[in-house]
Amino acid sequence: SELCKLKGIGPATASAILGMYRPDIFAFMDDEVIESLYNGKRGYTLKIYLDINGRCRELAEQLGRKRNRFSNDVGDDVKWTPYKVGQALWTVATASATKNEELLSEIFEDDGSKLIQSRTITEDTNLEGKQGTKGASTTRRKRRKL
């Protein structure tokens with residue numbers, strides 16, 4: 001909240017600064033992270049950030065426990081952090097939005113059709129004849145949870 005007192009710095013910008021400084025504590029407040037983890041309407045308030053950051057911290061702890069339980073790599077020093085959880089959510093959402101089946105199949109080690117239920121897909125939707133466009137077609141991004 002202290003960074004947000006600076007002129008021009010809101011929760012999203014503050015989260016970017018804090019995430020770079022302390023990725024072990026802070027996730028970046030990215031649209032895809034909000035869409036994936038927040039049940040309400042997407043917004044950029046401190047309350048929403050604290051909610052999604054708490055969820056990213058919980059997921060990092062859970063993933064860390066699973067990794068430790070199943071890891072056979074002795075020298076494996078990869079550690080899940082809230083920042084890395086946010087990056088993973090962004091990667092899956094972006095791969096879904098661009099229909100990158102190769103990346104999705106690599107991430108999920110299948111054909112990409114059995115994606116986790118809570119991930120968010122972004123699909124492009126054409127809007128014909130929107131007022132003020134004189135019949136031209138525009139594109140908007142529509143999000144839906146699976």
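In this text the structure is predicted, and so the values were computed from the model without any measurement. (Residues numbered from 1 in each chain as written. Predicted model: local features only at pLDDT ≥ 70, side-chain atom pairs only at ≥ 80, totals over all residues. Heavy atoms only, no water.)

With that settled, consider helix α1 (residues 11-21). Counting along an α-helix, one turn takes 3.6 residues, and residues three or four places apart therefore face a common direction. Among all positions in α1, only P11, A14, S15 and G19 are buried. Angularly, the buried residues of α1 cover 130° about the axis, an arc narrow enough to put them on a single face. The exposed set on the far side of α1, more than 90 degrees from its buried face, consists of M20 and Y21. (Buried < 20%, exposed > 50% of the residue type's maximum accessible area, 1.4 Å probe, protein only. Helix = DSSP H or I, 4+ residues; strand = E, 2+ residues; numbered from the N terminus. Arc of directions from axis to C-beta.)

Bringing the confidence of the model for the protein chain into the picture now. For the protein chain, per-residue confidence averages 75 on the pLDDT scale, and residues scoring 70 or more make up 66% of the total. Contacts from residues 111-146, a stretch scored under 50 in pLDDT, to residues over four places away or in other chains number 66 contacts. (pLDDT = per-residue confidence, 0-100. Contact = heavy atoms within 4.5 Å.)

A separate point is the pattern of salt bridges. Applying the stated criterion across every chain yields a total of four salt bridges. Its salt-bridge partner being R42, residue D31 comes within 3.7 Å of it at the nearest N-O pair. Taken together, the positions of D31 in helix α2 (residues 31-37) and R42 in the loop between α2 and α3 (46-70) put the pair eleven residues apart, joining distant regions of the chain. Assessed through its relative accessible area of 35%, R42 is described here as partly exposed. Sharing partners across several salt bridges, the network here consists of D31, E35 and R42. (Salt bridge = Lys/Arg side-chain N within 4 Å of Asp/Glu carboxyl O.)

Okay, the packing of helix α4 (residues 82-97) against helix α5 (residues 101-108) next. It is at 8 Å that the axes of α4 and α5 come closest, and there the two elements cross at 145°. Crossing of α4 against α5: the hand is left-handed. Contacts from T91, V92, A95 and S96 in α4 reach L103, L104, I107 and F108 in α5. Residue classes in the contact of α4 with α5 are distributed as six nonpolar, two polar and no charged. (Axes fitted to C-alpha atoms, helices over the stretch in contact; angles between N-to-C directions. Left-handed = near helix turned anticlockwise from the far one by under 90°. Nonpolar A, V, L, I, M, F, W, Y, C, P; charged D, E, K, R; others polar.)

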